[in-house]
Amino acid sequence: MLLGVNIDHVATLRQARYALLPDSPNAEPSPLVAAMDAREGGADSITIHVRGDRRHMQDRDAFELRRACPLPLNLELGVTPEMVALALELKPDFACLVPEKREEVTTEGGLDAAGRLAEVKAAVKQLQEKQIRVSLFIDPEIDQVAAAAEIGAEMIELHTGCFSNAVNGGLEAEISRLRAAAERGHALGLQVNAGHGINYANLRRLDEVPHLAELNIGHALVSRALRVGMTAAVREMKEAMETYPG
């Protein structure tokens, strides 16, 4: 199982001090440095989300990472003409289409691929024409998985937010949802990834979900990095992921 490291919140910390001084030579921490440290720890790819309101990652961050970091780049983006145009110029290795609400703190909930079929399909086609592999960030619902396959995406990323917030009986129900969605996605020929709220404590329960090819993890790694550094935080997570049964 591969690990994509989301470094958005490295930029969140930088923007807290330097939002009005974007070109300051003192602006820190650097997303590029964080990405290189993650690479040293064993990261398989780097994930960033350039949001419409540019609240953390900036366009220049995306292009600097694409130019200078040798790891594959996964760009999360809203399904809007502006963000699709950015992706077409950037040409990341992967693009993950996500829902985006200005009032949310971070991405909450999955993309309604079934309800926005034509719109999402058109965006996917544009990206694939530039040889960008596309994933849809969806809730673990069978109709959304089926829509992703109909749209023609190569991958799905199952939203694990409800799983990460669940307790007791609710947790078992969320694992069942993830398991069913992963099995359906695999049967339809989709690469199945997962992300949102995954951390060192809940990781083991994902052993019960089959066919996961990659986890995208951000907040837990950035939080752990405050204590041990990004390289060590990523290395710890990679080691914990080694026992995944597949």
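Here is a short report on the structure shown in this document. Residue numbers run consecutively from 1 along every chain, following the written order of its sequence. Per-residue local features are limited, in this predicted model, to residues with pLDDT of at least 70; the limit for side-chain atom pairs, both in listing and counting, is 80 or more; totals at the level of whole chains, interfaces and linings are taken over all residues. Hydrogens and water are ignored here; the side-chain numbers use all heavy atoms of the structure.

Paired through backbone hydrogen bonds, the strands of a sheet run either parallel or antiparallel to each other. For two strands to be treated as a pair, DSSP must find no fewer than two bridges joining them. In DSSP terms, a helix is any run of H or I states spanning at least four residues, a strand is any run of E spanning at least two, and both are numbered starting from the N terminus. The eight strands lie next to each other as E1-E2-E3-E4-E5-E6-E7-E8, forming a closed barrel whose pairing is parallel. Going from strand to strand, the sheet's axes swing by 25° on average, the running direction of each strand aside. Sheet analysis places strand E1 (residues 2–6) next to strand E8 (residues 212–217), joined by four bridges and oriented parallel. Bridging across to E8, Leu3 finds its partner in Leu215. To obtain each axis, a line is fitted to C-alpha atoms, and for helices this fit is confined to the stretch in contact; angles are then taken between N-to-C directions over 0 to 180 degrees.

In this section: helix H2 (residues 31–41). Think of an α-helix as turning once every 3.6 residues; residues three or four places apart then point the same way. Throughout this description, buried means an accessible area under 20% of the type-specific maximum (1.4 Å probe, protein chains only), exposed means over 50%, and partly exposed covers the range between. Every buried residue of H2 is accounted for by Pro31, Leu32, Ala34, Ala35, Ala38 and Gly41. Elements that come into contact with the buried residues of H2 comprise E1, helix H1 (8–18), strand E2 (45–49), helix H3 (59–68) and helix H10 (230–241). As used in this structure description, the phrase polar contact means that two N or O atoms lie within 3.5 Å; if the pair is within protein, one of them must be able to donate a hydrogen and the other to accept it, and residues adjacent in sequence are counted only when both atoms belong to side chains. Where H2 starts, the residue carrying a side-chain oxygen 3.2 Å from the main-chain nitrogen of Leu32 turns out to be Ser30. We call two residues in contact when some of their heavy atoms are within 4.5 Å.

The next point concerns the side chain of His56. Looking at the element boundaries, His56 is found in the loop between E2 and H3. Exposure remark for His56: the relative accessible area of 5% places this residue in the buried category. With sequence-adjacent residues up to four places away left out, His56 is seen in contact with Asp8, Ala11, Thr12, Arg14, Gln15, His49, Arg51 and Asp61.

Once that is clear, we can look at H1. Turning to H1, its buried residues number three or more, namely Asp8, Val10, Ala11, Arg14, Gln15 and Tyr18. Relative to the axis of H1, the buried residues are bounded by an arc of 150° and lie together on one face. Residues of H1 that are exposed and point more than 90 degrees away from the buried face comprise Ala16 and Arg17. Its buried side turned inward, H1 meets E1, H2, E2, H3, helix H9 (219–228) and H10. The directions from the helix axis to the C-beta atoms form the arc being described.

In this section: the pattern of salt bridges. One side-chain nitrogen of Lys or Arg within 4 Å of one carboxyl oxygen of Asp or Glu is enough to make a salt bridge. Per the stated rule, a full pass over the model turns up 16 salt bridges. A salt bridge links Glu82 to Arg54, with the shortest nitrogen-to-oxygen separation between them at 3.0 Å. Taken together, the residues span a long stretch of sequence, with Glu82 in helix H4 (residues 81–90) and Arg54 in the loop between E2 and H3 at a distance of 28 residues. Each member of the salt-bridge network shares a partner with another, and the members are Glu172, Arg179, Arg205 and Glu208.

Turning our eyes to something else, we now look at the pairing of strand E7 (residues 191–195). Every other side chain in a regular strand lies on the same face of the sheet, so the side chains alternate between the two faces. Of all five residues in E7, four are buried, a share of seventy percent or more. Relative to E7, strand E6 (residues 155–159) is paired through five bridges, and the arrangement is parallel. Each residue of the ladder has a partner; that of His159, found in E7, is Gly195. Judged from the four bridges that link them, E7 and E8 form a sheet pairing that is parallel. Note that in E8 the partner of Asn193 across the bridge is Glu214.

The subject of this paragraph is the pairing of strand E4 (residues 94–98). The buried fraction of E4 is high, at five of five residues. Here E4 shows no split at all, with Phe94, Cys96 and Val98 on one side and Ala95 and Leu97 on the other all buried. Of the pairings in the sheet, the one linking strand E3 (residues 73–78) to E4 comprises five bridges and is parallel in character. Each bridged residue has a counterpart across the sheet, and for Gly78 the counterpart in E4 is Val98.

Another point: unusual backbone geometry. Between Glu28 and the following residue, Pro29, the backbone shows a cis peptide bond with an omega angle of 0°. Locating Pro29 in the fold gives a position in the loop between H1 and H2. Its identity as a non-glycine residue notwithstanding, Arg54 has a phi of 50°, on the positive side. Despite not being glycine, Lys91 has its phi angle at roughly 55°, a positive value. Relative to the elements of secondary structure, Lys91 occurs in the loop between H4 and E4.

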